[in-house]
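Each chain is listed here by its residues.
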Amino acid sequence: MEELGYIITDVHEHEFKKDLICVQYGTINSLFDFAGIHESDIQIVACDEIKFRVPSLNQFLDIYNASSKDSYRNNNNNYKDFKKIEWLNAHILK
């Protein structure tokens, strides 16, 4: 990430920023234990021969619901997860 011009801004959250773009990552191996999502259930998208797993809105909701229970994130991220949860709930067709 640093080779691409991003600066690490939060080691604990694996957060990098460049201009107005913020990137965070976690290991997919822990996703099931963390949010109950199997890696194989996440859609694969290919772009220029590079493959990405892209969660659905429902999967993002599960991820952010799990994240919102983390006191570190709540104390250090101004409760941004709750805003994302609110947005996802408003945009997911029930």
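Quick summary incoming for the structure in this document. (Residues numbered from 1 in each chain as written. Predicted model: local features only at pLDDT ≥ 70, side-chain atom pairs only at ≥ 80, totals over all residues. Heavy atoms only, no water.)

**Regarding the sheet that holds strand β2 (residues 15–18)**
To keep it simple, the criterion reads: Two strands are said to pair when DSSP picks up at least two bridges between them. Secondary structure elements are taken from DSSP: a helix is a run of H or I of four residues or more, a strand is a run of E of two residues or more, and numbering for both begins at the N terminus. Angles here are taken between N-to-C directions and fall from 0 to 180 degrees, while the axes themselves are lines fitted to C-alpha atoms, restricted in helices to the stretch in contact.
Read across the open sheet, the three strands follow the order β1-β2-β3; overall the sheet is antiparallel. Of all strands in the sheet, those with a lone pairing partner are β1 (7–10) and β3 (21–24), marking the two edges. This sheet shows a mean twist of 35° between the axes of neighbouring strands, independent of strand direction. Note: β1 against β2, three bridges, orientation antiparallel. Counterpart to Ile-8 in the pairing with β2 is Phe-16.

**As for the nonpolar core**
Filter applied, for reference: Residue types Ala, Val, Leu, Ile, Met, Phe, Trp, Tyr and Cys, when buried and joined through side-chain atoms within 4.5 Å, form a set referred to as a nonpolar core. Summary of the burial criterion: residues with accessible area below 20% of their type's maximum are buried, those above 50% are exposed, and those between are partly exposed, where the area comes from a 1.4 Å probe applied to protein chains only. Here a residue-residue contact requires only that any non-hydrogen atoms of the pair lie within 4.5 Å.
Leu-31, Ala-35, Ile-37, Ile-42, Ile-63 and Ala-66 form the largest nonpolar core, which has six residues in total. Of all the secondary structure elements, the ones that give two or more residues to this core are α1 (31–35) and α2 (57–67). Look past the residues within four positions of Leu-31 in its chain and what remains in contact with it is Gly-36, Ile-37, Ile-42 and Ile-63. Ranked by size, the runner-up nonpolar core spans five residues in total, among them Leu-61, Tyr-64, Ile-85 and Leu-88.

**A look at the pattern of salt bridges**
We apply this condition: Basic side-chain nitrogens of Lys or Arg form a salt bridge, by our definition, when they fall within 4 Å of a carboxyl oxygen of Asp or Glu.
Counted according to the given criterion, the structure contains one salt bridge. A salt bridge links Arg-53 to Glu-39; the nearest nitrogen and oxygen atoms lie 3.5 Å apart. In this pair, Arg-53 is assigned in strand β5 (residues 50–54) and Glu-39 in the loop between α1 and β4 (43–47), connecting sequence segments 14 residues apart. The exposure class of Glu-39 is partly exposed, given its relative accessible area of 37%.

**A closer look at the side chain of Asp-10**
Put simply, the test is: In protein, a polar contact means a hydrogen-donor-capable atom and an acceptor-capable atom, both N or O and within 3.5 Å, with residues adjacent in sequence counting only if both atoms are side-chain atoms; elsewhere, any N or O pair within 3.5 Å suffices.
Looking at the secondary structure, you find Asp-10 in strand β1. Reaching out from Asp-10, the side chain makes a polar contact with the backbone nitrogen of His-12 at a distance of 3.0 Å.

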